[in-house]
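# Remarks on the overall topology
The chain contents come next:
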Amino acid sequence: MNDLFKALSDENRRKILDLLRKGDLTAGEIAEHFEMSKAGISQHLSVLKNAELVFAIKRGQYVYYSLNSTVFQEVLKWIIQFHSNKKEENI
């Protein structure tokens with residue numbers, strides 16, 4: 001969970017996740033949306049992979065990145081439990 005929040009704490013990584021919501025992209029395609037080096041993009045993608053927020057899938061000579069929606073579902077369940085607990089306390 002700590003890796004997840006660390007990954008989400010950076011604006012550039014959140015922007016990468018937003019880009020991947022629209023579909024799978026290569027690192028080069030992701031880099032086109034930023035004014036940083038490809039090495040910088042690679043570092044951000046590495047953090048996202050370590051947090052299991054993205055998958056890296058090799059297709060031919062390219063590596064495509066895609067969202068891991070399962071992690072987002074687990075985080076939402078975790079957050080919703082706090083909302084549910086608060087409602088129960090108010091009853």
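Read on for an overview of the structure. (Residues numbered from 1 in each chain as written. Predicted model: local features only at pLDDT ≥ 70, side-chain atom pairs only at ≥ 80, totals over all residues. Heavy atoms only, no water.)

## Considering the pairing of strand S3 (residues 62–67)
Pairing between strand S1 (residues 25–26) and S3: two bridges, direction antiparallel. Bridging across to S3, threonine 26 finds its partner in tyrosine 64. Pairing geometry for strand S2 (residues 54–59) and S3, over six bridges, is antiparallel. Opposite phenylalanine 55, over in S3, you have serine 66 as the bridge partner. Here S2 folds back onto S3 in antiparallel fashion, the turn holding two residues, of which glycine 60 has a positive phi close to 65°. (Pairing = 2+ DSSP bridges. Helix = DSSP H or I, 4+ residues; strand = E, 2+ residues; numbered from the N terminus.)

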